[in-house]
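In case you want the letters, here they are:
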Amino acid sequence: MVSMDPSIWIAAFFTIAATSYAFRDNVVFKFAEYTFIGVAAGHQIVMGIKNIRDYGWTKIMEGQIIYVLVFVLGIMLYARFHREYYWMYRFPIAFLVGNGVGISIRAAIHSDFIVQVAQTASTPLIGGGAMGTINAIITFVGAVTAIFHFIFTQENLHEGTLGYIPKIGRWLMLLAFGASFGNTIMSRFGMYQGRIIFLLRDWLQLV
Amino acid sequence: MAILTPGRIVPLLALILVWVAVYIAINMGKEGKIKVRRIAGLDAIEEVVGRSVEMGRPVFDIIGMGTFTDSYATQTVAGLSILNYVAGLSARLGAELIAPQAKVDVMPVAIELVRDAYNVEGKLDELNVDEQLPYLSGTQFAWASGIIGMAARRRPAGNIMIGPFWAESMMFAETFDRIGAMQVGGTARTYQIPFFAALCDYCLIGEEIFAAGAYVSGDPAQIGTIAAQDWYKLAAIALSIVGALLSTVGVNIIAELLSR
């Protein structure tokens, strides 16, 4: 017995339409593509209006006048469409960029630099049995040589005998990428299996 | 409340040192004292655009769907620098550039950069912004399906993807590979690099995209920050080696100092 739920039929149609691209570009895929883009645009507009209402207008109505600033900055973004007042558009962009960078910079220094160095520096190269020692040495060599690979302004570090160090780093990174690639492919297969199970169980009700 | 919080003293010092290092490095960059080494993938970009001209088919340049306000802003800036470079090459050599956009705050900057590049080459009248830099969607997979559809119909000869990418990276790399486009891919998003490494003809790994962006832009500020980062990387190597050796003999002083 096939499902009688219209939402299941719609989901099944778009699953098949999207998958049909695997064979070649066709009118069914085009329909799914344009529908997806259209729906996404509509959803974005609705969410945008909702955000303006929830995080701006409601606050002003509650007496928090500072939120007028949000509207002023938002309206200034549209100044880019005006030939004369084009420059005003730069202020909200500068605010957005400065805000984003300010929030992320401390975390970047802490998590991307200090924590990483502390982890590498605190791992003894010998200990934990033979496998532990091999693991520690591979991790240490991988970390140091990979960082070496990403030095761009000291050309002498990439020449002669020293040039082998970044090459080792590159090969170790490629090994890691291979493992990551395999892992992700497996998870994508899992997602696709989910769609196949949906078609067979929820739509066609065969399993 | 204490002014200096335990566990945040070293990050504060590191931050101050970053400011100083970047300031010094930018000044050195302005004086032309810093040179960024050439990256293999960069030479390939010219080859990609040249191939598009020879085959009479478009070249795609995708900068990802990062914004200026997220933590991937630097990758977006690198992608924009490359877009400017590709636009200049396309205008000079006569290739049709297509650069679909996903983010409303990045799009005007991308348009200005492409317009500027065409203007420098005296080919501004050949640029059609609506056709060449279309806004598709700010939603990840709607944007991805739009690009996949465009790629299938336009069959570009080349594709350059440099910037922040998420799960759509494999879809793009696979699609463009399937239609026979020559590809240069690069991102600093660790989980997406393997897809570019596996499917692109040339791959820029991680921070290579920043160096590439700085290299093609010639901007002393960007080149200076690359140099400052290099100094930090050398410090990281030194601290890691000394710390690991000391840790092996039971002295864990480096990690303890860094945790303050």
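Given the structure is predicted, the values throughout are model-derived calculations rather than measurements.

Asker: Report on the packing of aromatic side chains, specifying residues and quantitative values.
Answerer: Throughout the structure, instances matching the rule amount to 16 aromatic pairs over all chains. Consider the rings of Phe 165 of chain B and Phe 172 of chain B, whose centres lie 6.4 Å apart with planes at 90°: the pair is edge-to-face. A single burial state applies to Phe 165 of chain B and to Phe 172 of chain B, both of which are buried. One aromatic cluster is present, built from ring pairs that chain together Trp 143, Phe 165, Phe 172 and Phe 196 of chain B. Positioned above the aromatic ring of Tyr 89 of chain A is the side chain of Arg 80 of chain A, whose terminal nitrogen or guanidinium carbon lies 5.9 Å from the ring centre. Sitting over the ring of Tyr 164 of chain A, Lys 167 of chain A keeps its end group 5.7 Å from the ring centre.

Asker: Any chance you could break down the environment of Ile 66 of chain A for me, citing the residues and the numbers?
Answerer: Residue and element names in this part refer to chain A. In this structure, Ile 66 sits in the loop between helix H2 (27-61) and helix H3 (68-77). For Ile 66, a relative accessible area of 61% gives the class exposed. On a C-alpha basis, the gap between Ile 66 and Ala 107 in space is 28 Å, while along the polypeptide they are 41 residues apart.

Asker: Any details on helix H4 (residues 90-121) of chain A? Residues and values, ideally.
Answerer: With 32 residues, H4 of chain A should reach 46 Å at 1.5 Å per residue; the first-to-last C-alpha distance of 44 Å fits that figure. Along its length, H4 of chain A shows its largest kink, about 30°, at Ala 108 of chain A. Regarding H4 of chain A, the residues found buried are Pro 92, Ile 93, Gly 100, Ile 109, Phe 113, Ile 114, Val 117, Ala 118, Thr 120 and Ala 121 of chain A. Against the buried residues of H4 of chain A lie H3 and helix H5 (129-149) of chain A together with helix H1 (9-30), helix H10 (220-248) and helix H11 (253-258) of chain B.

Asker: Which residues make up the pattern of salt bridges, and what values do they have?
Answerer: By the definition in use, this model includes 13 salt bridges over all chains. Two residues, Asp 54 of chain A and Lys 50 of chain A, come together in a salt bridge whose shortest N-O distance is 2.9 Å. Residue Asp 54 of chain A and its partner Lys 50 of chain A are located together in helix H2, separated by four residues, close to a single helical turn. Residue classification places Asp 54 of chain A among the partly exposed residues on the basis of a relative accessible area of 24%. Lys 50 of chain A sits in the partly exposed class, given a relative accessible area of 37%. Arg 201 of chain A is the partner of Asp 202 of chain A in a salt bridge, and the nearest nitrogen-oxygen pair spans 3.4 Å. Through salt bridges with shared partners, a single network forms among Asp 25 and Glu 33 of chain A together with Arg 153 of chain B.

Asker: Tell me about the interface of chain A and chain B, and name the residues and values.
Answerer: Facing 55 residues of chain A, the contacting portion of chain B comprises 67 residues. Summed over both sides, the interface of chain A with chain B buries roughly 5400 Å², with 70% coming from carbon and sulfur. The interface formed by chain A and chain B contains three salt bridges. On inspection of chain A and its partner chain B, the count reaches 18 residue pairs in polar contact (both at pLDDT 80 or more). Of all the elements in the fold, those that place two or more residues in the side of chain A that touches chain B are H2, H4, H5 and helix H6 (164-203) of chain A. Element by element, the count of residues in the side of chain A that touches chain B is highest for H4 of chain A, at 15 residues. Of the residues that constitute the side of chain A that touches chain B, the class distribution is 34 nonpolar, 13 polar and eight charged.

Asker: Kindly report on the sheet that holds strand S1 (residues 59-62) of chain B, identifying the contributing residues and their values.
Answerer: Residue and element names in this part refer to chain B. Sheet architecture is open: five strands sit in the order S2-S1-S3-S4-S5, paired in parallel fashion. Of all the strands in the sheet, just strand S2 (97-98) and strand S5 (202-205) have a single pairing partner and so form its edges. Here strand S3 (residues 158-162) pairs with strand S4 (residues 182-187) via five bridges, running parallel. Bridging from a neighbouring strand, Gly 158 pairs with Met 182 of S4. Together, S1, S3, S4 and S5 form the strand contacts of helix H2 (residues 40-55), whose direction differs from that of S4 by roughly 145°.

Asker: Tell me about the pairing of S1 of chain B, and name the residues and values.
Answerer: Residues and elements named next belong to chain B. Of the two faces of S1, the one holding Val 59 and Asp 61 and the one holding Phe 60 and Ile 62 are both buried throughout. Bridge count between S1 and S2: two bridges; the pairing is parallel. By the bridge assignment, Phe 60 is partnered in S2 with Ile 98. With helix H3 (residues 73-93) bridging S1 and its parallel neighbour S2, the resulting β-α-β unit is right-handed. Note: S1 against S3, four bridges, orientation parallel. Each residue of the ladder has a partner; that of Ile 62, found in S3, is Met 161.

Asker: Tell me about the side chain of Ser 180 of chain A, and please be specific about residues and values.
Answerer: Mapped onto the fold, Ser 180 of chain A is located in helix H6. Judged by relative accessible area, Ser 180 of chain A falls into the buried class, the value being 16%. Residues within four places of Ser 180 of chain A in sequence aside, it is in contact with Tyr 191 and Pro 194 of chain B.

What counts as what
Residues numbered from 1 in each chain as written. Chains lettered and ligands numbered in written order. Predicted model: local features only at pLDDT ≥ 70, side-chain atom pairs only at ≥ 80, totals over all residues. Heavy atoms only, no water. Phe/Tyr/Trp six-rings, centres within 6.5 Å; stacked < 30°, edge-to-face > 60°. Buried < 20%, exposed > 50% of the residue type's maximum accessible area, 1.4 Å probe, protein only. Lys NZ or Arg CZ within 6 Å of the ring centre and 35° of its normal. Helix = DSSP H or I, 4+ residues; strand = E, 2+ residues; numbered from the N terminus. Expected span 1.5 Å × (residues − 1). Bend = angle between axes of the 7 residues up to and from the residue. Contact = heavy atoms within 4.5 Å. Salt bridge = Lys/Arg side-chain N within 4 Å of Asp/Glu carboxyl O. Buried area = accessible area lost by both parts, 1.4 Å probe. Polar contact = N/O pair within 3.5 Å; in protein donor to acceptor, adjacent residues only side chain to side chain. Nonpolar A, V, L, I, M, F, W, Y, C, P; charged D, E, K, R; others polar. Pairing = 2+ DSSP bridges. Axes fitted to C-alpha atoms, helices over the stretch in contact; angles between N-to-C directions. Right-handed = clockwise from strand over helix to strand, strands pointing away.

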